[in-house]
Amino acid sequence: MTRSHVTLPLDHVGLVGPDIEAMIAAYAALGFTVTPRQELMGRDSSGQLLPLGQQSAHVMFRETYIELTAFAPRPDHHLMPYAQRYDGIHILALASDDAQASHRQLAETGIAPQPVAEAARDVVYGKTGQAQFRWFAVAPDDFPEGLVCVGDQAPPDLVFPASAMAPTNKARAIPSLYVSAEDKADTATRYGKLAAALETAGAPCALQSGDAAWRRRFALPEAIAPAPGLLGIGIRVSDLAALRAALAASDATLLTDSADEIVIAPHHACGALLRFHE
């Protein structure tokens, strides 16, 4: 079974659902360490920080993270068009050393970036303080799989403290993401162009495009991340046996449990297929 692979500089991947506490409980049950939920703030044109009506919690890795987020539905919220489709992965955030510079780079290569926005959130794990973000989305018509965006965040030692990275399931990194694609070659071309335009360092992550045959491997119904959509997360663990032990107390449905991988059904992971491997 063939797939198209494109390596992207991942900042984080985000799941969107209606109940942040239920999302936190679901990932804690799978053996992840989940940070406390926090309100996200946006900065207006005068520089004032205002609540976005959105709360997030995080599963932290060394250079990236999984964001669990819920928001108060309103027509003008940037996640509304995606959340209306299904609960699951709707955010693919790519890393930048300088969001303003990346914005210029993409514009010069013909990838239409939307305006740069500023945001912040309080960090209450590890060091405490306020993390600052600058980010922009790319044209949704060109990247319909989800909210595909580029951003920087500071300071890094506040956002990624080692103390927040001690999951009982031994998860260590996100080396791959899985996307439902109607045309794998087109998906690879679009994301390859985006990756080439970003002269930034981030956690290298392979975007793998799967077709209907790939979905049949895991018996996934069409309602789960229909194409085009972000389907799943590949997670590297240091010890599959320790992961099995961590999952023993949960009621998670394992689509695959072999010497090489453990795959968890999306309905136990807030709509995301989770594939664990060493």
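Residues numbered from 1 in each chain as written. Predicted model: local features only at pLDDT ≥ 70, side-chain atom pairs only at ≥ 80, totals over all residues. Heavy atoms only, no water.

(A) Examining the overall build of the protein chain more closely. When helices and strands are counted, the protein chain shows seven helices and 14 strands. Taking 2.2 N^0.38 as the reference for a compact globule, 278 residues should give roughly 19 Å; the C-alpha atoms of the protein chain span a radius of gyration of 18 Å, in line with that estimate. By principal-axis analysis of the C-alpha atoms, the protein chain measures approximately 55 × 45 × 35 Å. Out of the 278 residues belonging to the protein chain, those deemed buried represent 55%. In the protein chain, the share of contacts with a sequence separation of at least 24, taken over all contacts with a separation of at least 6, comes to 69%. Total accessible area on the protein chain is roughly 11,700 Å²; 53% of this is exposed by carbon and sulfur atoms. The positive charge centre, built from 21 side chains, and the negative charge centre, built from 31, are 4 Å apart in the protein chain. (Helix = DSSP H or I, 4+ residues; strand = E, 2+ residues; numbered from the N terminus. Rg over C-alpha atoms; globule rule 2.2 N^0.38 Å. Buried < 20%, exposed > 50% of the residue type's maximum accessible area, 1.4 Å probe, protein only. Contact = heavy atoms within 4.5 Å. Areas by Shrake-Rupley, 256 points an atom, 1.4 Å probe, with all protein chains shown as cover. Lys, Arg positive; Asp, Glu negative; His and termini not counted. Charge placed at Lys NZ, Arg CZ, Asp CG, Glu CD.)

(B) Spatial organisation of helix H3 (residues 99-108). Within the sequence span of H3, burial applies to Ala99, Ala101, Ser102, His103, Gln105 and Leu106. Among the structural elements, strand S7 (129-137), strand S8 (147-154) and helix H5 (184-197) are those in contact with the buried residues of H3. The opening residue of H3 is aspartate 98, an N-cap whose side-chain oxygen sits 3.0 Å from the backbone nitrogen of glutamine 100. Of the residues flanking the end of H3, it is glycine 110, one or two places downstream, whose phi is positive at about 90°. (Polar contact = N/O pair within 3.5 Å; in protein donor to acceptor, adjacent residues only side chain to side chain.)

(C) Broad picture of H5. If you check H5, its first and last C-alpha atoms are 20 Å apart, about what 14 residues at 1.5 Å a residue would give, namely 20 Å. The set of residues buried in H5 consists of Lys184, Thr187, Ala188, Arg190, Tyr191, Leu194, Ala195 and Ala197. For H5, the side-chain oxygen to backbone nitrogen distance between the N-cap and alanine 185 is 3.1 Å, and the N-cap itself is aspartate 183. (Expected span 1.5 Å × (residues − 1).)

(D) Inspection of the state of the cysteines at higher detail. Going through the model one piece at a time under the given rule, you end up with zero disulfides. The thiol sulfur of cysteine 149 is not disulfide-bonded, and the nearest other cysteine sulfur, from cysteine 205, lies at 14 Å. Look at cysteine 149 and you get buried, because its relative accessible area is 6%. (Disulfide = S-S within 2.5 Å.)

(E) Just the environment of aspartate 186, in detail. Considering the arrangement of structural elements, one finds aspartate 186 in helix H5. The exposure class assigned to aspartate 186 is partly exposed, which follows from its relative accessible area of 37%. When the C-alpha positions of aspartate 186 and aspartate 260 are compared, they lie 30 Å apart, and in sequence the two are 74 residues distant.

(F) Representation of the pairing of S7. In this structure, strand S6 (residues 117-123) lies alongside S7, joined through seven bridges in antiparallel fashion. Pairing of valine 123 across the sheet is with glycine 129, part of S7. Where S6 folds back onto S7 in an antiparallel hairpin, the turn is made up of five residues, including glycine 126, whose phi is positive at roughly 60°. (Pairing = 2+ DSSP bridges.)

(G) Focus on the environment of methionine 23. Here methionine 23 lies in helix H1 (residues 20-29). Since its relative accessible area comes to 3%, methionine 23 is described here as buried. Taking the C-alpha atoms as reference, methionine 23 lies 6.6 Å from leucine 68; in sequence the two are 45 residues apart.

(H) Structural detail: the packing of aromatic side chains. A full pass over the atoms with the stated rule returns four aromatic pairs. A ring pair is formed by tyrosine 27 and phenylalanine 32, whose centres lie 5.5 Å apart and whose planes are at 35°; its orientation type is tilted. Ring geometry for tyrosine 65 versus phenylalanine 160: centroids 6.0 Å apart, planes at 45°, classification tilted. Separated by 95 residues along the polypeptide, tyrosine 65 in strand S4 (residues 65-71) and phenylalanine 160 in the loop between helix H4 (156-159) and strand S9 (171-180) bring together distant segments of the chain. Exposure class is identical for tyrosine 65 and phenylalanine 160. Each is buried. The positively charged end of arginine 121 is found above the aromatic ring belonging to tyrosine 65, 5.8 Å away from the centroid. (Phe/Tyr/Trp six-rings, centres within 6.5 Å; stacked < 30°, edge-to-face > 60°. Lys NZ or Arg CZ within 6 Å of the ring centre and 35° of its normal.)

(I) Up close: the pattern of salt bridges. If you walk through the whole model with that rule in mind, you get eleven salt bridges. A salt bridge links glutamate 118 to arginine 43, with the shortest nitrogen-to-oxygen separation between them at 3.2 Å. Of this pair, glutamate 118 sits in strand S6 while arginine 43 sits in strand S2 (residues 38-43); the two residues are 75 residues apart in sequence, bridging distant segments of the chain. The exposure class of glutamate 118 is partly exposed, given its relative accessible area of 39%. Judged by relative accessible area, which is 28%, arginine 43 ranks as partly exposed. (Salt bridge = Lys/Arg side-chain N within 4 Å of Asp/Glu carboxyl O.)

(J) Looking closely at the nonpolar core. Counting residues in hydrophobic clusters, the biggest one holds 55 residues, and the most contacted among them are Tyr27, Phe32 and Leu274. Once you skip the residues sitting within four places of it in the chain, phenylalanine 32 turns out to touch Tyr27, Val59, Phe61, Pro167, Asn169, Ala171, Ile235, Leu274 and Phe276. (Core = buried A, V, L, I, M, F, W, Y, C linked by side-chain atoms within 4.5 Å.)

(K) Just unusual backbone geometry, in detail. The amide bond that connects alanine 154 to the next residue, proline 155, takes the cis arrangement and shows omega of -10°. With respect to the element layout, proline 155 can be found in the loop between S8 and H4. Look at the link from alanine 227 to proline 228: it is a cis peptide, with omega at -5°. As for its position among the elements, proline 228 is in the loop between helix H6 (212-217) and strand S11 (229-237). Positive phi, close to 65°, is recorded for lysine 170, a residue that is not glycine. Of note, lysine 170 is situated in the loop between H4 and S9. The phi dihedral of alanine 225 falls on the positive side, at around 45°, and the residue is not glycine. Turning to its location among the elements, alanine 225 is positioned in the loop between H6 and S11.

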